[in-house]
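Observations on the three-dimensional arrangement
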Amino acid sequence: MDLVFSLIEANSAIIIIAMAVLIVILLILAIVNSAKCSKLKKSYNAFMQGKDGKSLEDDLIFRLEQIDELVESNAANERNIDLIFKKMQVTFVKYGIVKYDAFDEMGGKLSFTLAMLNERNDGYILNVVHSREGCFSYVKEIIAGNPVLALSEEEQDALDDALSKE
């Protein structure tokens, strides 16, 4: 037993130093924890300034309702955009026009050819010929950028002009 007490007395200096180091470490951790709690308390007080639990609850409910409205509005916008894209597939978005004199006896380039195509290059060529006897119009169908019937030079120029507008 005396041997145990003598070992404890010899190592008491080491034990005291270890305890002192442990106390210093715990003191540093307590100071760090206190600083973090103080910062958190300041943030909480700034957040809660001028509010009670009921007004904060009202604010949160209001914001959640706004989020719900935004989600509904976003869904409506997506539906509208899809509808617009579907309509754009059949809407004429490419045009080409060529004015010309159909007959030598008339001036002023009163005749014209108008090519109208959608995004898939489907559409029509409208050829309006003006003469002294009257005005005549012809329509030729275009499928995937290719005419169903043979085209005149002016009609081909109008089609090429429309196809160049990607």
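Criteria and thresholds
Residues numbered from 1 in each chain as written. Predicted model: local features only at pLDDT ≥ 70, side-chain atom pairs only at ≥ 80, totals over all residues. Heavy atoms only, no water. Helix = DSSP H or I, 4+ residues; strand = E, 2+ residues; numbered from the N terminus. Buried < 20%, exposed > 50% of the residue type's maximum accessible area, 1.4 Å probe, protein only. Contact = heavy atoms within 4.5 Å. Areas by Shrake-Rupley, 256 points an atom, 1.4 Å probe, with all protein chains shown as cover. Pairing = 2+ DSSP bridges. Axes fitted to C-alpha atoms, helices over the stretch in contact; angles between N-to-C directions. Patch = residues over 30% accessible without salt bridge, like charges linked within 9 Å, V, L, I, M, F, W, Y side chains within 5 Å. Salt bridge = Lys/Arg side-chain N within 4 Å of Asp/Glu carboxyl O. Core = buried A, V, L, I, M, F, W, Y, C linked by side-chain atoms within 4.5 Å. pLDDT = per-residue confidence, 0-100.

Okay, the overall build of the chain next. Within the chain, the regular secondary structure consists of 3 helices and 5 strands. Element order for the chain, N to C, with α for helix and β for strand: α-α-β-β-β-β-β-α. Going through the 166 residues of the chain one by one, you find that 17% of them count as buried. Taking the intrachain contacts of the chain between residues at least 6 apart in sequence as the baseline, contacts between residues at least 24 apart amount to 42%. As presented, the chain carries roughly 12,900 Å² of accessible surface, and 63% of it is formed by carbon and sulfur atoms.

What follows covers the sheet that holds strand β5 (residues 146-147). An order of β1-β2-β3-β4-β5 is seen for the 5 strands of this open sheet, with the pairing classed as antiparallel. The sheet is open, and its two borders are formed by β1 (94-100) and β5, each paired with just one other strand. Here strand β3 (residues 123-130) pairs with strand β4 (residues 135-143) via 8 bridges, running antiparallel. Looking at β4, one finds that Tyr-124 is bridged to Glu-141. Along the sheet face, helix α3 (residues 153-163) touches β1, β2 (111-117), β3, β4 and β5 and points at about 150° away from the line of β1.

This part covers a nonpolar patch on the surface. Residues Ile-17, Val-21, Leu-22, Ile-25, Leu-26 and Leu-29 make up a contiguous nonpolar surface patch of about 570 Å² in total accessible area. Note on placement: Ile-17 falls in helix α1 (residues 2-48). What makes Ile-17 exposed here is its relative accessible area of 55%.

Moving on: the nonpolar core. Membership of the largest hydrophobic core is limited to 9 residues, which are Val-98, Ala-115, Leu-117, Ile-125, Ile-142, Leu-151, Ala-158, Leu-159 and Ala-162. Mapped onto this core, the elements with two or more residues apiece are β2 and α3. Tallying contributions element by element places α3 first for this core, with 3 residues. In contact with Leu-151, not counting residues within four places along its chain, are Ile-125, Lys-140, Gln-156 and Leu-159.

Further remarks concern the side chain of Asn-121. Residue placement: Asn-121 occurs in the loop between β2 and β3. When neighbours within four sequence positions are excluded, Asn-121 is seen to be in contact with Lys-94, Ile-142, Ile-143, Ala-144, Gly-145, Leu-163 and Glu-166.

Among the structural elements, His-130 can be located in strand β3. With relative accessibility at 27%, the residue His-130 sits in the partly exposed group.

Enumeration according to the criterion identifies 2 salt bridges in this entry. With its nearest N and O atoms 2.9 Å apart, the salt bridge here joins Lys-140 to Glu-155. Of this pair, Lys-140 sits in strand β4 while Glu-155 sits in helix α3, and the two are 15 residues apart along the sequence. Residue Lys-140 shares its accessibility class with Glu-155, and that shared class is buried. One salt bridge in this structure joins Lys-165 and Asp-161, with 3.7 Å as the shortest N-O distance. By relative accessible area, Lys-165 is classed as partly exposed at 41%.

A separate point is the confidence of the model for the chain. In the predicted model, the chain carries a mean pLDDT of 87, and the fraction of residues at 70 or more is 89%. When mean pLDDT is taken per element in the chain, β2 scores highest with 94 and α1 scores lowest with 84.

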